[in-house]
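A look at the structure
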Amino acid sequence: CSRRQTSGDLEPFLDRLFALVDFVVPRARAEGKSQLTFAVGCTGGRHRSVYIARRLARHLIETGEDAPAIEERDLLR
């Protein structure tokens, strides 16, 4: 991800992502789902995507969800 291209877009992106998650999670629970997978990617996989995944996890916890498992697959590459 190009920092120059997305630096001003990050917070609006997170606002939209959190709104989507807040819409999807209760509906998945109502359907009896016990697990959801959210994947976040970036060309490098070590900076913005890791930050977004961690912010998403924090958001879920702040909205009363259990702490999610996070797999930072490419962090050590």
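Here's what I pulled together on the structure shown here.

Reading the values: the criteria
- Residues numbered from 1 in each chain as written.
- Predicted model: local features only at pLDDT ≥ 70, side-chain atom pairs only at ≥ 80, totals over all residues.
- Heavy atoms only, no water.
- Helix = DSSP H or I, 4+ residues; strand = E, 2+ residues; numbered from the N terminus.
- Buried < 20%, exposed > 50% of the residue type's maximum accessible area, 1.4 Å probe, protein only.
- Contact = heavy atoms within 4.5 Å.
- Expected span 1.5 Å × (residues − 1).
- Salt bridge = Lys/Arg side-chain N within 4 Å of Asp/Glu carboxyl O.
- Arc of directions from axis to C-beta.

**Overview of the side chain of His59**
The residue His59 is located in helix H3 (residues 48–62) in this model. Accessibility expressed as a relative area gives 11% for His59, which makes it buried. Beyond its immediate sequence surroundings of up to four residues, His59 is in contact with Phe18 and Asp22.

**What to know about H3**
The end-to-end C-alpha distance of H3, which contains 15 residues, comes to 21 Å, matching closely the 21 Å that a straight helix rising 1.5 Å per residue would cover. Looking only at H3, the buried set comprises Arg48, Ser49, Val50, Ile52, Arg55, Leu56, Ala57, His59 and Leu60. At the exit of H3 stands Gly64, carrying a positive phi of roughly 95°.

**Some remarks on the pattern of salt bridges**
Tallied over the full model, the rule gives four salt bridges. Arg55 serves as the salt-bridge partner of Glu11, at 3.0 Å between the closest nitrogen and oxygen. One end of the pair, Glu11, is in helix H2 (residues 10–30); the other, Arg55, is in helix H3, with 44 residues separating them in the sequence.

**Remarks on H2**
The end-to-end C-alpha distance of H2 is 30 Å, a good match for the 30 Å that 21 residues give at a rise of 1.5 Å each. Along H2, the residues that are buried comprise Leu10, Leu14, Leu17, Phe18, Val21, Val25 and Ala28. For H2, the arc enclosing every buried residue in end-on projection is 105°, short of the 170-degree limit, so these residues lie on one face. Turned more than 90 degrees away from the buried face of H2 sit Asp15, Arg16 and Ala30, all of them exposed.

Limitation: the analysis is restricted to geometry and does not speak to function.
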